[in-house]
Amino acid sequence: MDIPELNRALYDQVMVPSYNPPAVMPVRGEGSRLWDQQGREYVDLAGGIAVTALGHAHPRLVAALTEQAQRLWHVSNVLATEPALALAARLTGLTFAERVYFANSGGEANEAALKLARRYAYDRGERGRSEIIAFGQAFHGRTLFTVTAGGQPKYTEGFGPLPGGIRHLPYNDVEALEAAVNRHTCAVLMEPVQGEGGVVPADPEFAAAARRLCDAHGALLIFDEVQTGVGRTGDLYAYMGLGVEPDILTTAKALGNGIPVAAMLTRGAIAESFQPGTHGSTYGGNPLACAVASEVIDIVSDPEVLAGVRARSERLRDGLATIGARHGCFAEVRGRGLLIGAELAEAWKGRAREVLQAAMGEGVMTLVAGPDVIRLAPSLIIPDEDLDAGLERLERAIAGLGDRS
Ligand SMILES: *Cc1c(COP(=O)(O)O)cnc(C)c1O
């Protein structure tokens, strides 16, 4: 058959309109740079939404993928494979966890975490313990369970009836949490830094209170580290920097650097509630994905790489603060590591998407987190000159918008 020209117009003819991308279509990436169909070059400060943590076409990841591609792609979870075990051994060796369950996306890993928490209570005969406590502005994925756990009503509108037993509290509100956790609480589900919800870090006291209350009332603490995990915050996992250990942790996004893979980590006693047949996934633990993820973990867990995240974080924050001071565009620059949010100042409120579009026009890819926050999640190993070039282009975009308004 004849394939038509692959452009933005075709998108509207062949795609479900669940996204509305710009006309720019990247065709190639290398490190922290992208090139579109016209050969225009972009600095990538978006990282595919906190996914390409080691940039594009990292030689060690390309090698891991192609080597595994010539060996074995898939045999189903009826059989164990070496890449899955190698990745699970790394993840348990480097974290609190003793057991790993593999999935393909963050939403799926969270779905598994919530099901496991419910099943764990059930297995202990605690039939009244089913309530999931989650938080406003949270994001946990798009399955019906995870989207209901998320704290953004616009994402559940029209999809009811929704799963029950989920309650939302304000994030970082210790008192509300103290009042809510009780013997009916099955799990508390939280992001160590709310990503989609505006790049809002958990107060250490809030995270500690969640741990303390879960312990006191026999509930499980689930950390959704889908966005914060794999070095993003400057620790291999954000819980390490917070000094609060969860009972279940989910990780995805950067784990595969763009190859779909996710994992749910937990302790041995809790893992026992997923027996053969209780839960599963056709692709979970896929050899291609796991081979890449092991290489990602080997690179990112290097203390020098993690120290590099913290150094780049300062450079990026300083650069944003300078732009903010010159143009009066930012009320606050916040975040952890290389997950940074610049909240727009009063006069700029609601213009985050406009800034993103202008930035793309100047040759830099950025993200937003709601209408008022510019979010940046570049590669953890982005060279200083790329970071500086990205900031320069972002400043040009902001200057242009400022002149016009
Ligand atoms: C992106 C994200 C998810 C969803 O991950 P998918 O791979 O899109 O299913 C869940 N939780 C958090 C914190 C995320 O940032």
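Every chain is numbered independently, its residues counted from 1 as its sequence is written. Whole-chain, interface and lining totals are the exception, using all residues; otherwise, since this is a predicted model, local features are given only for residues with pLDDT of at least 70 and side-chain atom pairs are given and counted only at 80 or more. Excluding hydrogens and water, the side-chain values take into account all heavy atoms of the structure.

Overview of unusual backbone geometry
Across residues other than glycine, the phi torsion is negative in most instances, and most of the peptide bonds are trans. As a reminder of what qualifies: The way it works is that DSSP assigns letters per residue, a run of H or I at least four long becomes a helix, a run of E at least two long becomes a strand, and they are numbered from the N terminus. We call a residue buried when its accessible area falls under 20% of the maximum for its residue type, exposed when it is over 50%, and partly exposed in between, using a 1.4 Å probe and counting protein chains only.
Following Gly 160, the chain continues to Pro 161 via a peptide bond in cis, the omega torsion being 0°. One can find Pro 161 in the loop between helix 6 (144–149) and strand 6 (166–169). Of note, the phi angle at Ile 49 is positive, near 60°, even though the residue is not glycine. The class of Ile 49 is partly exposed, set by a relative accessible area of 36%. Non-glycine residue Gln 137 carries a positive phi angle of around 70°. Residue placement: Gln 137 occurs in the loop between strand 5 (131–135) and helix 6. Classification of Gln 137 by relative accessible area gives partly exposed; the value is 42%.

Let's talk about the pairing of strand 13 (residues 330–336)
Cut-off, in case you're wondering: Criterion used throughout: strands pair if DSSP finds at least two bridges between them.
Where strand 13 meets strand 14 (residues 339–344), six bridges bridge the pair, whose relative direction is antiparallel. For Arg 336, the partnering residue across the bridge sits in strand 14 and is Leu 339. Taken together, strand 13 and the strand that follows it, strand 14, pair antiparallel across an intervening segment of two residues, in which Gly 337 is found at a positive phi of about 55°.

Re the packing of helix 3 (residues 59–69) against helix 11 (residues 287–300)
Cut-off, in case you're wondering: Inter-axis angles, ranging from 0 to 180 degrees, are taken between N-to-C directions of lines fitted to C-alpha atoms, where helices are fitted over the stretch in contact. Note on terminology: angles under 35 degrees are roughly parallel, angles over 145 are roughly antiparallel, angles of 65 to 115 are roughly perpendicular, and the others are oblique. By the definition used in this description, the sense in which the near helix is turned from the far one sets the handedness, with an anticlockwise turn below a right angle giving left-handed and a clockwise turn giving right-handed. We call two residues contacting when some pair of their heavy atoms lies within 4.5 Å.
Contact pair helix 3 / helix 11: the axes reach a minimum separation of 9 Å and the direction vectors enclose 150°. The angle between helix 3 and helix 11 places the two elements in the roughly antiparallel class. The handedness of the crossing between helix 3 and helix 11 comes out as right-handed. Every residue of helix 11 that contacts helix 3 at Arg 60, Leu 61, Ala 64, Leu 65, Gln 68 and Ala 69 is listed here: Pro 287, Leu 288, Ala 291, Val 292, Glu 295, Val 296, Asp 298 and Ile 299.

Some words on the pairing of strand 11 (residues 248–251)
Residues Ile 248 and Thr 250 of strand 11 are buried on one face, and the alternating residues Leu 249 and Thr 251, pointing to the opposite face, are buried as well. One ladder, built from three bridges, connects strand 10 (residues 220–224) with strand 11; its direction is parallel. Paired with Asp 224 across the strands is Thr 250, a residue of strand 11.

Examining helix 8 (residues 204–217)
Put simply, the rule reads: Expected span of a helix: the number of residues minus one, times 1.5 Å.
With 14 residues, helix 8 extends 20 Å from end C-alpha to end C-alpha; this agrees with the ideal 20 Å at 1.5 Å per step. The set of residues buried in helix 8 consists of Phe 206, Ala 207, Ala 209, Ala 210, Arg 211, Leu 213 and Cys 214.

Points about the sheet that holds strand 1 (residues 26–30)
One open sheet accounts for four strands, arranged 1-2-3-15; its pairing is mixed. In this open sheet, the two strands that pair with only one neighbour each are strand 1 and strand 15 (364–365). Across four bridges, strand 1 lies against strand 2 (residues 33–36) in antiparallel orientation. Note on strand 2: the bridge partner recorded for Glu 30 is Arg 33.

Comments concerning the domain arrangement of the chain
Quick note on the threshold: Bear in mind that the domain bounds are from an automatic or database domain assignment. Accessible area that two parts lose when put together, with a 1.4 Å probe and added across both, is what the buried area reports. Any Lys or Arg side-chain nitrogen found within 4 Å of a carboxyl oxygen on Asp or Glu counts as a salt bridge. The term polar contact refers here to a pair of N or O atoms within 3.5 Å; inside protein, the definition further demands a hydrogen-donor-capable atom paired with an acceptor-capable atom, and it admits residues adjacent in sequence only when both atoms are side-chain atoms. Asp, Glu, Lys and Arg are counted as charged, while Ala, Val, Leu, Ile, Met, Phe, Trp, Tyr, Cys and Pro are counted as nonpolar; the rest, among them Gly, fall into the polar class.
According to the domain assignment, the chain consists of domain 1 (8–57 + 303–404) and domain 2 (72–300). Between the C-alpha centres of domain 1 and domain 2 there is a distance of 27 Å. The interface of domain 1 with domain 2 comprises 26 residues on the first partner and 24 residues on the second. Carbon and sulfur atoms supply 61% of the area that domain 1 and domain 2 bury against each other, a total of about 2,100 Å² over both sides. Considering only the side of domain 1, the residues that lose the most area to domain 2 are Leu 54, Arg 336 and Leu 339, jointly responsible for 28% of the buried surface there. The tally of links from domain 1 across to domain 2 stands at one salt bridge. In this structure, Arg 375 engages Glu 196 in a salt bridge whose closest nitrogen and oxygen atoms are separated by 3.2 Å. Taken together, domain 1 and domain 2 are joined by eleven residue pairs in polar contact (both at pLDDT 80 or more). Counting residues per element, the ones that place at least two in the side of domain 1 that touches domain 2 are helix 2 (47–50), helix 12 (303–327), strand 13, strand 14 and strand 17 (373–376). Counting residues per element, the side of domain 1 that touches domain 2 draws most heavily on helix 12, at four residues. Considered class by class, the residues forming the side of domain 1 that touches domain 2 number 16 nonpolar, six polar and four charged.

Here's the deal with the pattern of salt bridges
A complete count under the given rule lists 23 salt bridges for this structure. The partner of Arg 8 in a salt bridge is Asp 12, with the nearest N and O atoms 3.0 Å apart. With Arg 8 and Asp 12 both in helix 1 (residues 8–14), this residue pair falls four residues apart, about one helical turn. Put simply, Asp 247 and Arg 267 hold a salt bridge, and the shortest N to O gap is 2.5 Å. Within this pair, whereas Asp 247 is found in the loop between helix 9 (238–242) and strand 11, its partner Arg 267 is found in the loop between strand 12 (262–266) and helix 10 (268–271), the two being separated by 20 residues in sequence. The exposure class assigned to Asp 247 is buried, which follows from its relative accessible area of 4%. Via salt bridges that share partners, Arg 33, Glu 41, Asp 386 and Arg 393 belong to a single interconnected network.

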